[in-house]
Structure formats: C-alpha cells, structure tokens
Amino acid sequence: MGRGPVQLRRIENKINRQVTFSKRRSGLLKKAHEISVLCDAEVALIVFSTKGKLYEYSSQDSNMDVILERYQRYSFEERAIVDQNIGGQANWGDEFGSLKIKLDAVQKSQRQLLGEQLDPLTTKELQQLEQQLDTSLKHIRSRKNQLLFESISELQKKEKSLKDQNGVLQKVKQPCLHQANIHRREQLNETTHIHNQEQQNGATTSSPSPTPVAVLDSVTTLNIGSSQSREGAGEEPESQPSPAQANSGKLPPWMLRTISNR
C-alpha cells in the first residue's frame, strides 16, 4: 500500500521540535545552495528559530543586502503600479493630511520656542521645553567658541607669516639704507665744498678799488703845486685848463662826469 499524506502540525515535545528544526534547517539550506548552483539563481534564505536566533544563506556571487534591496525595489514598484491603477488621488489626499499635521506641529513647536502660546503647556512640558532650549544654547555656544578659536588660530598664523616677511624685508632693506645714507652724505659734502669755494671767490673779487673822488683829488693837488712854483719864479701864470679839460684825454668818461658835477 502507498503511504498516505502526512498531516503537518506543531510538535509538542520540545526536544523533538528542536531536533526536527535542526535537521530541516540543514536540508533547507542545502536545497537553497543546490538551486543557486544548478539553476544560476540568486537565492536569499532567512530563518529565525523559536529563540530568535538568525540563520541565513545567500548565493555565492550575491550579497544578502543586494538581494534584499532588489526585492524591496521590485515590491515597491509593484505596489506603486497597483496603487496607481486603483486610485492615486485617495493616497494623495491621505499624504496631504499627514503632511499638514506635521507642518502644524512644527509651526507650533517653533512658536513655543519663541516664547509664544505657552498657556496650554503643563509644568512638565515647560520643563522639557526649557531643557531643549538649554541644549540648543549649549550647541550654539560650542559652535561659536569653535569658530572663534579657529579664527584666532588663523590670525596667529597670519601674524607669524607677516613677521617672517617683515624680517626678510628688513634684512634686504638694511644694505640699501646704508648705501643711500652714504650717497646722501657724499652729496652733502660736495654741496658744502662748492658753497665754501663760492664764498672764497666772492671775497677775492670784492676787494676795495680807488674811488673816482680820490683820483680826482690827487690830480687837482698836482696841478695846484705846479702853478705855485711858476708864480714864485716870476712867470705869469698861464691859463690853466680845468681839471676836467686837463685830464679829459686821460680819464675815462664816467670820471669826467663826476668831475663836471663837482
């Protein structure tokens, strides 16, 4: 006689149930491996025992995460197509309602953080709000201090760089300043020497010369002496020309003008 169908039901004996689970699990994993090798299929097997222990298997060329991601994408696309065919407008309305509720909650929380609409809150809710604000302030101060320290460090680096550049420029500038001072001193000494020479030349050219009046007086004295000697000898004095006429042939014109004026 043939063997009749076996009725499947839960094994009541705990030990027998554990032994059966171990045997069937091994056989199931073996069958999954065989189908993946023989049929070149991507197989992912997940089994949880009654104690919550996980047993899994995936194909050699595939990863469990890749297979699960593919399954989720495929099932999501299938559900999206089905939902679109049934009626997407109802889903849009539900999504709009949920988004509106979230928006109202966010706006309410924002107003409470600004100190508005605090009357309906209880003492416990106010304490939670206060703790939230303290935590936010700590994060803000910590971020502000971090930015200040970073800016101070950056400024210190710039200061050090500028000091180094200044030192290099000072080393380059000192020989140039020394040469400029030497050139300036040479120019100053040359200018002083030229000025002294000009003063000496001016003193030599400005020596006193006999004035026309002194020359005229000497000439007149000579003429008077000769006329007296002639009168003493008994000779009549001849008409003497004027000093200007007597010396007109010898004196320059500017002296003649001086004599005629006198």
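Residues numbered from 1 in each chain as written. Predicted model: local features only at pLDDT ≥ 70, side-chain atom pairs only at ≥ 80, totals over all residues. Heavy atoms only, no water.

1. Some words on the overall build of the protein
A tally of regular secondary structure across the protein gives six helices and two strands. Traced from its N-terminal end to its C-terminal end, the protein shows the element sequence α-β-β-α-α-α-α-α. Surface summary for the protein: the accessible area is close to 23300 Å², and the carbon and sulfur share equals 55%. (Helix = DSSP H or I, 4+ residues; strand = E, 2+ residues; numbered from the N terminus. Areas by Shrake-Rupley, 256 points an atom, 1.4 Å probe, with all protein chains shown as cover.)

2. Digging into the environment of Ile-46
As for its position among the elements, Ile-46 is in strand S1 (residues 44–48). It is 4.4 Å that separates the C-alpha atoms of Ile-46 and Glu-56, two residues lying ten residues apart in sequence. When sequence neighbours within four positions are dropped, the list of residues in contact with Ile-46 reads Leu-54, Tyr-55, Glu-56, Met-64 and Leu-68. (Contact = heavy atoms within 4.5 Å.)

3. A short note on the packing of aromatic side chains
This model, assessed by the stated rule, comprises one aromatic pair. Over the ring of Tyr-55 we find Arg-25, and its NZ or CZ is 4.2 Å from the ring centre. (Phe/Tyr/Trp six-rings, centres within 6.5 Å; stacked < 30°, edge-to-face > 60°. Lys NZ or Arg CZ within 6 Å of the ring centre and 35° of its normal.)

4. Some remarks on the nonpolar core
Counting residues in each nonpolar core, the largest one holds six residues, listed as Ala-32, Val-43, Leu-45, Val-47, Tyr-55 and Tyr-57. Breaking this core down by element, the ones donating at least two residues are S1 and strand S2 (54–58). Once residues within four sequence positions are removed from consideration, Tyr-55 is found in contact with Phe-21, Arg-25, Leu-45, Ile-46, Val-47 and Ser-49. (Core = buried A, V, L, I, M, F, W, Y, C linked by side-chain atoms within 4.5 Å. Buried < 20%, exposed > 50% of the residue type's maximum accessible area, 1.4 Å probe, protein only.)

5. Quick word on the pairing of S1
Alternating positions in S1 separate cleanly, Leu-45 and Val-47 being buried on one face and Ala-44, Ile-46 and Phe-48 remaining unburied on the opposite face. In this sheet, S2 lies alongside S1 in antiparallel orientation, the contact comprising five bridges. Among the inter-strand pairings, Ala-44 is bridged to a residue of S2, identified as Ser-58. Two successive antiparallel strands, S1 and S2, enclose a turn made up of five residues, where Gly-52 displays a positive phi of approximately 90°. (Pairing = 2+ DSSP bridges.)

6. Re the environment of Thr-20
Locating Thr-20 in the fold gives a position in helix H1 (residues 14–38). Within the structure, the side chain of Thr-20 is placed 2.8 Å from the backbone oxygen of Asn-16, a separation counted as a polar contact. (Polar contact = N/O pair within 3.5 Å; in protein donor to acceptor, adjacent residues only side chain to side chain.)

7. Thoughts on H1
Because the α-helix completes a turn every 3.6 residues, residues three or four places apart line up on one side. Here H1 contains 25 residues, and its C-alpha end-to-end distance of 36 Å stays within 8% of the 36 Å for a straight helix at 1.5 Å per residue. Restricting attention to buried positions, one finds in H1 the residues Arg-25, Ala-32 and Ser-36. The inward-facing, buried residues of H1 contact S1 and S2. The N-capping residue of H1, defined by a side-chain oxygen 3.2 Å from the backbone nitrogen of Ile-15, is Asn-13. Immediately downstream of H1, the backbone of Asp-40 shows phi near 55°, a positive value. (Expected span 1.5 Å × (residues − 1).)

8. A short note on unusual backbone geometry
Despite not being glycine, Asp-40 has its phi angle at roughly 55°, a positive value. Of the residues examined, Asp-40 reaches a relative accessible area of 69% and is grouped as exposed.

9. Some thoughts on the pattern of salt bridges
On inspection of all chains with the given rule, the structure shows four salt bridges. Where Arg-70 meets Glu-42, a salt bridge forms, and the shortest distance between an N and an O atom there is 3.0 Å. Here Arg-70 is found in helix H2 (residues 64–113), whereas its partner Glu-42 is found in the loop between H1 and S1, with 28 residues between them in sequence. (Salt bridge = Lys/Arg side-chain N within 4 Å of Asp/Glu carboxyl O.)

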